[in-house]
Amino acid sequence: AAGMFLRLLSDIQWRAAHPKWRRMTSSQRSTSTTTESHPVSLPAQAQVVICGGGIMGTSVAYHLSKMGWKDVVLLEQGRLAAGTTRFCAGIVSTARPVSIELKMAHYSNKLYQQLEQETGVQTGYMKTGSISLAQTQDRLISLKRIASSLNVMGIPCEIISPKKVVQLHPLINIHDLVGAMYVPEDALVSSANVSLALATAASRNGVQIHERTSVSHVTVQKGRVTGVETDRGRIQCEYFVNCAGQWAYELGHSGEEAVHIPLHACEHFYLLTHPLKEPLSSSLPTIVDPDGRIYIRNWQGGILSGGFEKNPKPLFTEGRNQLEIQNLQEDWDHFGPLLSALLRRMPGLEALQIMQLVNCPESFTPDMRCIMGESPTARGYFVLAGMNSAGISYGGGAGKYLAEWMVNGYPSENVWPLDLKRFGTLQSSRTFLRHRVMEVMPLICDLKVPRWDFQTGRQLRTSPLYDRLDAQGARWMEKHGFERVKYFVPPGNDLLDLDHSKTFYKPDWFDIVGSEVKCCKEAVCVIDMSSFTKFEISSTGDQALESLQYLFSNDLDVPVGHVVHTGMLNEKGGYENDCSIARLSKRSFFMISPTDQQVHCWAWLKNRLPDDSNLTMEDVTWKYTALNLIGPRAVDVLSELSYAPMTAEHFPSLFCKEMSVGYANGIRVMSITHTGEPGFVLYIPIEYALHVYNEVMNMGQKYGIRNAGYYALRSLRIEKFFAFWGQDLDAFTTPMECGREFQVKLEKGMQFLGQEALLEQKQNGVYKRFTMFILEDHDTDMDLWPWWGEPIFRNGRYVGKTTSSAYSYTLERHVCLGFVHHFDEKTGEELVVTTDFINQGEYEIDIAGQRFQAKAKLYPFSSLFTQRRRKDEMELSGYQRE
Amino acid sequence: FYLTPPQVNSILKANEYSFKVPEFDGKNVSSILGFDSNQLPANAPIEDRRSAATCLQTRGMLLGVFDGHAGCACAQAVSERLFYYIAVSLLPHETLLEIENAVESGRALLPILQWHKHPNDYFSKEASKLYFNSLRTYWQELIDLNSGETTDVREALINAFKRLDNDISLEAQVGDPNSFLNYLVLRVAFSGATACVAHVDGVDLHIANTGDSRAMLGVQEEDGSWSAVNLSYDHNAQNEHEVKRVKMEHPKSEEKSLVKQDRLLGLLMPFRAFGDVKFKWSIELQKRVIESGPDQLNDNEYTKFIPPNYHTPPYLTAEPEVIHHKLRPQDKFLVLATDGLWETMHRQDVARIVGEYLTGVHHQQPIAVGGYKVTLGQMHGLLTERRARISSVFEDQNAATHLIRHAVGNNEFGTVDHERLSKMLSLPEELARMYRDDITIIVVQFNSHVIGAY
């Protein structure tokens, strides 16, 4: 096998590399024994130490040095570009469903294209294009969605017929195809050479590269990286970058305080053949056949073909295992189904001679997105790993974003979907990772439909009411390990099984959620919202108030018992978090944030709160069960249970009070909902959860109470134009841009984070505006449903993308939320977006290539809903008898 | 009437049993990986029996199949008792003394055998005291005899077989005050059973056979193909040596009447067997025992009937023929089976089917392309074939079940035909015996690595 890999690498220009690092490592080139001495000793200190000489490590080094950080040391335990990077298939593909990944791949492609010219190292770059095939209509829809987002980014891309496919690639059997997507600018590279070219350029810029140097662990003091211990001595450093690929998890756990990097390796197989009789042209496009689970590219006159099987083989679960590494053998029986798919796609290859089956482990993450960013526990500890087998496509862009993050404090794009802090310790169990990646790897080829839930690694965090709700027909989804109810299937109602429920059209739960929404509007519903992150911040003096006043944009110096909705903004005024804060007493605050903020928000506050032992912050998420009572009758249920008047005069909106509910005392009741409907959230110490739930359900019976799930909530909040952090809001969105000036107190008498940026925006205007769209000519039963990420067109021109969407049962229309930009027609420069600009346009939303007329609105339909409620209240007498 | 594949499977698997030798018991590594066994009845109730046990006071493992005739009583008794007789015969003098002293002083007895039994393999509770007393008498005699020599396995097997048959005969002559037991010992003695027993200790394999069950060794040749080696001789009319032996033991005047229609005295198929006192006792003894026996025995035409030309008993013996074989790495498995299997399948086919099953399950070698010239099409064909093979053996987790499936369901092409299988298994009780016999199979798998290391 070793000989084979040498051939694979035959075109690597070791000796053409830059003399500087060639000198440092030249004596190690000739043989592969490990006993030679290291001629150049490690520096005693450096600003940055990067661990890993694959595509990620070299890309980070390249970009850091380009941005002016030259005191960088890159350490590689073996040789440069020798790990997964060496065996990588070398396909640079921009066809990615997640927008930030698409941007990274697009940048990578542009970078690799000019890399050979820049460095003199041959990268094997060849613009072949790629064709993604669709065997089903659903697959074609998903390709069309990707094509839409590629097109608005200016990346050429077209949906083509099977006939056109044959013209582009004569070997393909098209009998089972319904269409395809052609991306002419996708490319092939020799991934090892790209990595070497990046290393060469970095080295020229001053980055020191040391091969055959293993990092044993990273030292952290007072929450900051201080240095790196290697088998060749210690290097003091301010920044450490973990680009150790499939070993990143282990390296993260090697230090005294673990940095949790949830990824896990799986075996990945691809096939190499001898050249065809008439060797394949090196410009022939790469074929991706997701329904057959395979990709096929030309390779030295023959083909290279691999895939993502349904039954992956995870490995290294117990850590680095020398035996396993050496036993990575070809497994033909395992590859069989992929070989069948290959021969079905290209029957003419039957007589082609096999050269080798390569087994090349790839690392996968729990949500199929890569991992980048800074550790929440060790400042200066950065990570870039877990590429889910798209390392070469992401390498350039990912390295750039991470370098920006380190140098500027934040990347130039919203990378929250990839941020390490979206995970906590809970995703770091080896068993969880092993099970989850076995689901993730096949998913790479599976159809990605809206509202898809992972099936493995479930029931980790649950509310104490889980069994009760489950017994009543709850269907579950998971967020940050927490089980949340989607909706309740009424008895006798059967939904489709998981596989058959995948659809881009109207889902089978449509009427079920509709009736939950109706109940929220007309009577009262209970939703278990225990997953939300809950912190308590308190102090002995005024420290808590003072710190929070600085960290949050709204005024928190409110009377005790009041609740404030506020953003937690960064310097640029962007939302790092969007939360509700209740003032429990003069000196203590109760803060509720989205579920997936548990790690990020904690780290953000920890890093910014003064180091004062009189100021404490506690994560109390696990201590409380949260029940949300939504609907006009919530007030009646609660007042009967507590013998306390709950009407607006006694319990105004945005109010918080500890009271008794049933027998249970000390229930924290807040008059807020996350949907705009009237209602309350009850924060119940978990031991009382079942009691309070039972009481609420019993008492609520005469008011028509029922359980509801998050889908109903979602429909309600979107039709009310409520933005959610993580979906609509991110670190690049300010309150000014989403119509939330009212939640900012610019004049609260003291400075707060992001104030300057907001003042500037207030003066100069905003460059994007959160807008609500009501689809006009969209047929809910027949047309494709919007999801998120659909391009928005104004007067025929692209102005932005949607961020969320839902069917409004009240309007009986689809509602999309999204951001409108104003690009100059000639220069493409971003201009200020005014209210007039929004109001004076004709809008269309592009769903998988089909455009639907939409009406834009900047404010919710408040009047419409109140009117309806009046009317419904009158009809309620009939409802009660049901 | 048609049986679905799951119904067929549930019939075939009802009696299957598997035992895996623990990989490393802390003392010694066994030359046996484990065994699979199964039975398919044709008679109701089934007349075949099987036994398997590990010797705890000596090394080695015992496995046996027993084919009863004229009822199942004898086969049942032999399946319960024979291994104790063998184990006792193998015990050194000191151990025998120790056991006897323990019994004498009412202390706990050293366990002699660890049984590996299917839940359907029962032991008679009522007779256990009687059986134990006979066994104790045997070891007391062995203690008195103390030859001082180390025990030879061959001799031990022969002695055990003969002694047990003798005890069966004696118990029937003496009778028992308990009427149930009295009837039981008579039924045991008047019915018969063949026995084919293997004793495996390291590379030493002994087969002791009495009757027409058979032991067969599965050998993998260098080219991977399978061949069968017989480790027993059938004791029946087809065996010239047996016919000659019987004729030698009786006056020339009986030569013509000894073997008629391929049967002993024109009646019995096996030429050696346990029990069957009708072929062993004198006419006087038979008459006396039957007359003083319970009414049920008197009413039975078969027991009362004296074989024709019955002049110089005994005509039948339980003495086994013992074959010793030193196991080699290429010896992969041993099949012990009653004649129900051998009537329907040639041993060569048995060797191939079991061999392919075992290698398919455990030893399907990974394919490596190496330096060979292989095309994608060839590889695809190869993989498809391998998958098909795996899915066909996947149905059975038990080699004995797999063999029964073939024995009953094979069509003219040597592949299992579901329709045929369904028909054969849905035959009504009274018809089943005409189309097939009881089948009992034990497949013992050897550990080639251990054997190679000897």
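For every chain, the first residue of its written sequence is number 1, and the numbers climb from 1 along that sequence. Here every chain gets a letter starting at A, and every ligand a number starting at 1, in the order they are written. Residues qualify for local features only when their pLDDT is at least 70, as the model is predicted, and side-chain atom pairs are given and counted only at 80 or more; totals for whole chains, interfaces and linings, by contrast, use all residues. Just so you know, side-chain values use all the structure's heavy atoms and leave hydrogens and water out.

The name given to chain B in an unreviewed UniProt entry is [Pyruvate dehydrogenase [acetyl-transferring]]-phosphatase 1, mitochondrial, with Cnemophilus loriae as the source organism. UniProt positions are given in the numbering used here, feature names are shortened, and annotations may be inferred rather than shown by experiment. Under the Catalytic activity (unreviewed entry) heading, UniProt states for chain B: "O-phospho-L-seryl-[pyruvate dehydrogenase E1 alpha subunit] + H2O = L-seryl-[pyruvate dehydrogenase E1 alpha subunit] + phosphate".

For chain A, an unreviewed UniProt entry supplies the name Pyruvate dehydrogenase phosphatase regulatory subunit, mitochondrial and the organism Cnemophilus loriae. Regarding chain A, the relevant UniProt record gives this comment under Subunit (unreviewed entry): "Heterodimer of a catalytic (PDP1) and a regulatory (PDPR) subunit." According to the UniProt record, the Sequence similarities (unreviewed entry) comment for chain A is "Belongs to the GcvT family."

Enquirer: How should the overall build of chain B be read in this particular structure?
Expert: The numbering of helices and of strands both runs from the N terminus, where a helix is a DSSP run of H or I of at least 4 residues and a strand a run of E of at least 2. Check the secondary structure of chain B and you find 18 helices and 15 strands. Computed over C-alpha atoms, the radius of gyration of chain B comes to 24 Å, within 12% of the 22 Å expected from 2.2 N^0.38 for 454 residues, which places it in the range of a compact globule. Dimensions of chain B, computed from the C-alpha atoms along their principal axes, are close to 80 × 55 × 40 Å. We call a residue buried when its accessible area falls under 20% of the maximum for its residue type, exposed when it is over 50%, and partly exposed in between, using a 1.4 Å probe and counting protein chains only. In chain B, which comprises 454 residues, the proportion classed as buried is 54%. Two residues form a contact once any of their heavy atoms are found within 4.5 Å. Within chain B, counting contacts between residues at least 6 apart in sequence, those at least 24 apart form 74% of the total. Each accessible area value is a Shrake-Rupley result obtained with a 1.4 Å probe; residue values ignore everything except the protein chains displayed when judging cover. On chain B, roughly 21200 Å² of surface is accessible, and the fraction owed to carbon and sulfur atoms is 53%. In this setup the radius of gyration rests on C-alpha atoms only. A globule is expected at 2.2 Å times the number of residues raised to 0.38.

Enquirer: What is the right way to look at the side chain of Ser531 of chain A in this model?
Expert: All names here are of chain A. Here Ser531 shows up in the loop between β24 (525-528) and β25 (533-539). A relative accessible area of 1% means that Ser531 is categorised as buried. Whenever two N or O atoms come within 3.5 Å, that pair is a polar contact, provided that in protein one can donate a hydrogen and the other can accept it, and provided that, for residues adjacent in sequence, both atoms are side-chain atoms. At a separation of 2.8 Å, a polar atom in the side chain of Ser531 contacts the side chain of Thr595. Discounting residues that sit within four places of it in the chain, Ser531 has contacts with Phe482, Arg484, Thr595, Thr621 and Tyr710.

Enquirer: Before we go on, may I ask you to explain the UniProt feature "domain: Rhodanese" (unreviewed entry) in chain A in this structure?
Expert: What UniProt calls "domain: Rhodanese" (unreviewed entry) maps, in this numbering, to residues 48-91 of chain A. Annotated as residues 48-91 of chain A, this span is 36% helix and 20% strand, and its ends, taken at the C-alpha atoms, are 30 Å apart.

Enquirer: What exactly am I supposed to notice about the pairing of strand β26 (residues 563-569) of chain A here?
Expert: Both faces of the sheet carry side chains from a regular strand, because those side chains alternate between them. All names here are of chain A. Where burial is concerned, most of β26 is hidden: 6 out of the 7 residues are buried. The sheet contact formed by β26 and strand β27 (residues 575-585) spans 7 bridges and is antiparallel. Bridge pairing in β27 places His565 opposite Ser580. Only strands joined by at least two bridges in the DSSP assignment are considered to pair. The loop that links β26 with its antiparallel partner β27 comprises 5 residues; one of these, Gly573, has a positive phi angle of about 85°.

Enquirer: I tried to follow the interface of chain B and chain A on my own but got confused; where do I start?
Expert: Buried accessible area, meaning the area lost when the parts come together, often serves as the stated size of an interface. Across the boundary between the two partners, chain B contributes 14 residues, which contact 17 residues of chain A. When the two sides are added together, the surface that chain B and chain A hide from each other amounts to roughly 1400 Å², 61% of it contributed by carbon and sulfur. Summed over both partners, the accessible area lost on bringing two parts together, with a 1.4 Å probe, is the buried area. Three residues, Leu376, His380 and Leu383 of chain B, lead the burial of chain B against chain A; their summed loss comes to 41% of the area buried on that side. Think of a salt bridge as a Lys or Arg side-chain nitrogen and an Asp or Glu carboxyl oxygen that are within 4 Å of each other. Applying the counting rule to chain B against chain A returns 0 salt bridges. The interface formed by chain B and chain A contains 6 residue pairs in polar contact (both at pLDDT 80 or more). The residue classification treats Ala, Val, Leu, Ile, Met, Phe, Trp, Tyr, Cys and Pro as nonpolar and Asp, Glu, Lys and Arg as charged. All others, Gly included, are polar. For the side of chain B that touches chain A, the class distribution of residues is 7 nonpolar, 4 polar and 3 charged.

Enquirer: Got a minute to help me understand the sheet that holds β26 of chain A in this structure?
Expert: Strand pairing in a sheet relies on backbone hydrogen bonds. The paired strands run either parallel or antiparallel. All names here are of chain A. Read from one edge to the other, the open sheet built from 5 strands follows the order β26-β27-β28-β25-β29, with strand pairing classed as antiparallel. Single-partner strands in this sheet number two, and they are β26 and β29 (615-619). On average, each strand axis in the sheet is inclined to that of its neighbour by 25°, with strand direction left out of account. The sheet contact formed by β27 and strand β28 (residues 588-593) spans 5 bridges and is antiparallel. Within β28, the position partnered with Ala582 by the bridge is Phe590. Working convention: axes come from line fits to C-alpha atoms, limited for helices to the stretch in contact. Angles between N-to-C directions cover 0 to 180 degrees. Its contacts with the sheet place helix α16 (residues 543-551) against β25, β26, β27, β28 and β29, and it is angled at close to 130° to β25.

Enquirer: What should I look at first to understand the pattern of salt bridges in this one?
Expert: A side chain of one charge can pair with a side chain of the opposite charge if their charged atoms are brought near each other. Under the defined criterion, the tally for this structure stands at 53 salt bridges over all chains. Among the charged side chains, a salt-bridge network with shared partners connects Asp176, Asp289, Arg344 and Arg345 of chain A.

Enquirer: Would you mind showing me how to read the nonpolar core here?
Expert: One broad rule of soluble globular proteins: the nonpolar side chains tend to lie buried together. Working definition of a nonpolar core: buried Ala, Val, Leu, Ile, Met, Phe, Trp, Tyr and Cys residues. They are joined through side-chain atoms within 4.5 Å. Of all hydrophobic cores here, the largest spans 59 residues; its most connected members are Leu82, Phe83, Ile86, Leu113 and Phe274 of chain B. When residues of this core are assigned to their parent elements, the largest contribution, 12 residues, is made by helix α2 (residues 73-90) of chain B. Counting 54 residues, the second-largest nonpolar core is a separate cluster that includes Ala61, Tyr125, Leu198 and Met372 of chain A.

Enquirer: I tried to follow the sheet that holds strand β14 (residues 286-289) of chain A on my own but got confused; where do I start?
Expert: Residue and element names in this part refer to chain A. The 8 strands lie next to each other as β5-β6-β4-β14-β15-β16-β13-β18, forming an open sheet whose pairing is mixed. In the strand order of this sheet, the two ends are held by β5 (158-160) and β18 (354-359), each with one partner. With direction set aside, neighbouring strand axes in the sheet form an average angle of 20°. Contacts between helix α6 (residues 137-152) and the sheet are confined to β4 (130-134), β5 and β6 (179-183), with β6 contributing the most and set at about 25° to the helix.

Enquirer: Any chance you could explain the packing of aromatic side chains here in plain terms?
Expert: How two aromatic rings sit relative to each other is given by the distance of their centres and the angle of their planes. Residue and element names in this part refer to chain A. For Phe, Tyr and Trp, rings pair up if their centres lie within 6.5 Å, where Trp contributes its six-membered ring, and each pair is then called stacked (planes under 30 degrees apart), edge-to-face (over 60) or tilted (otherwise). One pass over the structure, following the stated rule, counts 44 aromatic pairs over all chains. Taking the centre distance of 4.8 Å and the plane angle of 55° together, the rings of Trp247 and Phe316 count as tilted. With Trp247 in the loop between β11 (233-242) and α9 (248-254) and Phe316 in the loop between β17 (314-315) and α10 (322-326), this residue pair connects regions lying 69 residues apart in the sequence. Pairing Trp785 with Tyr807 gives two aromatic rings, centres 6.3 Å apart and planes at 20°, and the pair type is stacked. With Trp785 in the loop between β35 (768-775) and β36 (791-794) and Tyr807 in strand β37 (residues 797-808), this pair connects stretches of sequence that are 22 residues apart. Taking the relative accessible area as the measure of exposure, Trp785 reaches 6% and is therefore buried. Taken together, the ring pairs connect Tyr487, Trp509, Phe510, Tyr711, Trp785, Tyr807 and Tyr809 into an aromatic cluster.

Enquirer: What is the right way to read helix α21 (residues 755-764) of chain A from this model?
Expert: In an α-helix, one turn spans 3.6 residues; hence positions three or four apart end up facing the same way. Residue and element names in this part refer to chain A. Among all positions of α21, only Gln755, Ala757, Leu758 and Gln761 are buried. Angularly, the buried residues of α21 cover 165° about the axis, an arc narrow enough to put them on a single face. Residues of α21 that are exposed and point more than 90 degrees away from the buried face comprise Glu756 and Gln763. Summarising the contacts, the buried residues of α21 are in contact with β26. After α21 finishes, the residue Gly765 shows a positive phi value of roughly 95°. Comment: arc refers to directions from the helix axis out to C-beta atoms.

Enquirer: Is there a simple way to explain the state of the cysteines in this structure?
Expert: Two cysteines form a disulfide when their sulfur atoms are joined by a covalent bond. Residue and element names in this part refer to chain A. We call a pair of cysteine sulfur atoms a disulfide whenever their separation is within 2.5 Å. Taken as a whole and judged by the stated rule, the model has 0 disulfides over all chains. The structure places no disulfide on Cys520, whose sulfur is separated from the nearest cysteine sulfur, that of Cys525, by 3.5 Å. Free cysteine Cys738: the closest other cysteine sulfur is in Cys579, separated by 13 Å. Residue classification places Cys738 among the buried residues on the basis of a relative accessible area of 8%.

Enquirer: Mind showing me how you'd approach helix α18 (residues 634-642) of chain A here?
Expert: All names here are of chain A. Three or more residues of α18 are buried, namely Ala634, Val637, Leu638, Leu641 and Ser642. Along the long axis of α18, the arc covered by the buried residues comes to 110°, so they all point the same way. The inward-facing, buried residues of α18 contact β30 (624-630), β31 (656-661), β32 (664-670), β33 (679-685) and α19 (689-700). Directly after α18, the chain includes Tyr643, whose backbone phi takes a positive value near 50°.

Enquirer: Teacher, can you tell me more about the packing of helix α4 (residues 128-145) of chain B against helix α5 (residues 153-174) of chain B here?
Expert: What describes two packed helices is the angle between their axes and the distance between those same axes. All names here are of chain B. In contact at an axis separation of 11 Å, α4 and α5 are set at 130° when each is read in the N-to-C sense. Taken together, the axes of α4 and α5 are oblique relative to one another. Where α4 crosses over α5, the handedness of that crossing is right-handed. Counted together, Tyr131, Ser134, Thr137, Tyr138 and Glu141 of α4 and Asn159, Ala160, Arg163, Asp167 and Glu171 of α5 form the full contact between these two elements. Per-class residue counts for the contact of α4 with α5 are 3 nonpolar, 3 polar and 4 charged. In this scheme, roughly parallel covers angles under 35 degrees and roughly antiparallel covers those over 145, while 65 to 115 is roughly perpendicular and the rest are oblique. Rotating anticlockwise by less than a right angle from the far helix to the near helix defines a left-handed crossing, while the corresponding clockwise rotation defines a right-handed one.

Enquirer: Help me understand the confidence of the model for chain A in this model?
Expert: Low pLDDT marks stretches whose predicted atomic positions should not be read closely. Residue and element names in this part refer to chain A. Confidence of the predictor at the level of single residues is captured by pLDDT, which takes values from 0 to 100. For chain A, per-residue confidence averages 90 on the pLDDT scale, and residues scoring 70 or more make up 92% of the total. For residues 1-37, every residue scores under 50 in pLDDT, and the model assigns this stretch 61 contacts once sequence neighbours within four places are set aside. Confidence over residues 867-882 falls short of pLDDT 50; this stretch has 15 contacts with residues more than four positions distant or in other chains.

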